[in-house]
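Here's the letter readout for the chains.
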Amino acid sequence: MDHQTDPLALQAEALRRRAEGQRIGFVPTMGYLHQGHTSLMDIARSQCDWLVVSIFVNPLQFGPSEDLDRYPRDPEGDAAKCAGAGVDTLFMPQHFYPSDHSTSVAVAGLTDGFCGASRPNFFGGITTVVSRLFGIVQPSVAVFGEKDFQQLAVIRRMVRDLAMPIEVIGGPLIRDTDGLAMSSRNRYLTPERRQRALSLSGALKHMQALLSQRGAGTSAETLLAAGREILDFDEFDYLQIVDPDTLKDMPIIDRSARALVGGYIGGTRLIDNMALIP
Ligand code: AMP
């Protein structure tokens with residue numbers, strides 16, 4: 001596996017490979033990798049000739065009181081996991097943005113609710129960094145996790161709206177055996193808080209069970225009330241049932257929907273989501 005830290009050197013290699021007709025696969029991450037990340041690498045690996053993974057903790061997407069400085073890092077462990085997943089080039093930039101970087105990319109509408117409502121810089125930071133990463137890596141195919149369901153929808157919209165010639169693939173959300181959605185931030189959780197964090201997947205599973213019982217036509221409010229009973233957040237952010245493509249609220253569940261949940265347990269931000277199928 002090659003290691004690359006220089007954005008323009010990586011771009012030169014990407015352009016050369018594209019000119020040779022190679023298909024470039026890309027998985028962007030913030031590191032502290034787990035099976036959720038490596039599952040995306042497996043998907044990308046099967047779709048490309050040259051697989052690039054980036055690890056960059058993007059300051060633009062963190063708010064002033066968020067965990068940028070203490071975001072977990074493990075460069076050596078990450079490199080071993082990438083090598084094990086058959087990654088060709090690991091891109092860990094030291095200097096990513098030009099010193100006078102002054103362009104931002106924003107997707108309107110889809111970014112207003114859920115994680116965007118409580119984190120004003122978040123999606124602008126993500127669409128800006130992903131646009132620059134796409135310009136550097138020149139991917140034919142990019143894989144993002146359904147763990148960040150809203151992010152996946154936002155990236156798909158950006159790629160469509162800006163006519164970027166990139167196929168975006170969503171990879172399924174990977175859970176620990178106890179049901180907790182894998183996340184780099186889970187390492188912040190004490191054993192007691194980790195136990196309480198199971199209430200996210202517990203609430204979503206309970207909502208699906210109730211929907212299976214009641215069938216198509218069940219009101220969202222019935223399911224949401226049941227889910228809220230179970231959630232054990234210190235700070236509740238959102239629990240909503242939406243159309244999986246538009247992310248618009250679905251008041252009556254008469255077809256497949258997606259339940260999205262987010263909030264804080266002991267200062268750690270946790271999100272999860274699940275398909276709801278009548
Ligand atoms: P992050 O490093 O948290 O920015 O995540 C990088 C990519 O991995 C994003 O596309 C995430 O959606 C994806 N990802 C993170 N956790 C999981 C998970 N548990 N299952 C599937 N994909 C994930």
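S.K.: So what exactly am I meant to see when it comes to the domain arrangement of the chain here?
M.R.: The extent of an interface is frequently quoted as the accessible surface area lost upon association of the parts. Assigned domains within the chain: domain 1 (2-171) and domain 2 (184-272). The C-alpha-based centres of domain 1 and domain 2 are spaced at 26 Å. Residue-level contacts link 21 residues of domain 1 with 17 residues of domain 2. Each partner contributes to the roughly 1,800 Å² buried at the junction of domain 1 and domain 2, and carbon and sulfur atoms together form 57% of this total. Applying the counting criterion to the domain 1 and domain 2 interface returns two salt bridges. The salt bridge involving Arg258 is made with Glu146; its shortest N-O contact spans 3.5 Å.

S.K.: I'm lost on the sheet that holds strand E2 (residues 24-29) in this one. Help?
M.R.: Sheet strands pair via backbone hydrogen bonds, and the direction of the pair is either parallel or antiparallel. Within the open sheet, the six strands sit side by side as E1-E4-E3-E2-E5-E6. Their pairing is parallel. Two strands close off the open sheet at either side, each with one partner strand: strand E1 (2-4) and strand E6 (167-171). Each strand of the sheet is rotated relative to its neighbour by a mean of 25°, with strand direction disregarded. Pairing of strand E5 (residues 141-145) with E6, which is carried by five bridges, proceeds in the parallel orientation. What sits directly across from Val141, in E6, is Glu167.

S.K.: Whenever I open this one, helix H5 (residues 122-137) confuses me. Can you help?
M.R.: Each turn of an α-helix holds 3.6 residues, which means side chains three or four residues apart point in the same direction. Given a rise of 1.5 Å per residue, 16 residues ought to cover 22 Å, and the 22 Å separating the end C-alpha atoms of H5 matches this to within 8%. Immediately beyond the C-terminal end of H5, within one or two residues, lies Gln138, with a positive phi of roughly 55°.

S.K.: What's the story with the packing of aromatic side chains in this structure? I'm lost.
M.R.: For any pair of aromatic rings, geometry is given as the distance between the ring centres together with the angle between the planes. Scanning the entire structure with this criterion turns up 10 aromatic pairs. Plain terms: the ring middles of Phe26 and Phe134 are 6.3 Å apart, the flat faces sit at 70° to each other, and that makes the pair edge-to-face. On the criterion of sequence distance, the pair formed by Phe26 in strand E2 and Phe134 in helix H5 is long-range, its members being 108 residues apart. When its relative accessible area of 5% is taken as the criterion, Phe134 is described as buried. Measuring from ring centre to ring centre gives 5.9 Å for Phe62 and Tyr71, while their planes differ by 80°; the resulting arrangement is edge-to-face. As far as burial versus exposure is concerned, Phe62 and Tyr71 are alike and both buried. Following the ring pairs from residue to residue traces out a cluster consisting of Phe56, Phe91, Phe96 and Tyr97.

S.K.: Sorry, what's going on with the environment of Asp178 here?
M.R.: Position of Asp178 relative to the elements: it lies in the loop between E6 and helix H7 (191-214). Note on Asp178: relative accessible area 34%, which makes it partly exposed. Taking the C-alpha atoms as reference points, Asp178 and Ser201, 23 residues apart in sequence, are found 9.3 Å from one another. In this structure Asp178 touches Arg194 and Leu198, once residues within four positions along its chain are discounted. For Asp178, the side chain forms a polar contact with the main-chain nitrogen of Leu180, separated by 3.1 Å.

S.K.: Even after reading the chapter, I still don't get the site of the ligand, so can you show me in this structure?
M.R.: Close contacts around the ligand come from 17 residues, with His37, Gly145, Asp148, Ile174 and Met182 the closest. Taking Asp148, its side chain carries an N or O atom lying 2.6 Å from an oxygen atom of the ligand. A distance of 2.9 Å separates a nitrogen atom of the ligand from a polar atom in the backbone of Ile174. Relative to its free-state accessible area of 490 Å², the ligand is covered by the protein chains to the extent of 92%.

S.K.: What should I look at first to understand unusual backbone geometry in this one?
M.R.: Excluding glycine, residues mostly have negative phi values, and the peptide bonds linking residues are mostly trans. You will see that Phe114, though not glycine, has its phi angle at about 50°, which is positive. One non-glycine residue with positive phi stands out, namely Ala163, at about 50°. Among the structural elements, Ala163 can be located in the loop between helix H6 (149-161) and E6. For Ala163, a relative accessible area of 63% translates into the label exposed.

Cut-off values and rules
Residues numbered from 1 in each chain as written. Predicted model: local features only at pLDDT ≥ 70, side-chain atom pairs only at ≥ 80, totals over all residues. Heavy atoms only, no water. Domains from an automatic or database assignment. Contact = heavy atoms within 4.5 Å. Buried area = accessible area lost by both parts, 1.4 Å probe. Salt bridge = Lys/Arg side-chain N within 4 Å of Asp/Glu carboxyl O. Pairing = 2+ DSSP bridges. Helix = DSSP H or I, 4+ residues; strand = E, 2+ residues; numbered from the N terminus. Axes fitted to C-alpha atoms, helices over the stretch in contact; angles between N-to-C directions. Expected span 1.5 Å × (residues − 1). Phe/Tyr/Trp six-rings, centres within 6.5 Å; stacked < 30°, edge-to-face > 60°. Buried < 20%, exposed > 50% of the residue type's maximum accessible area, 1.4 Å probe, protein only. Polar contact = N/O pair within 3.5 Å; in protein donor to acceptor, adjacent residues only side chain to side chain. Near = heavy atom within 4 Å. Areas by Shrake-Rupley, 256 points an atom, 1.4 Å probe, with all protein chains shown as cover.

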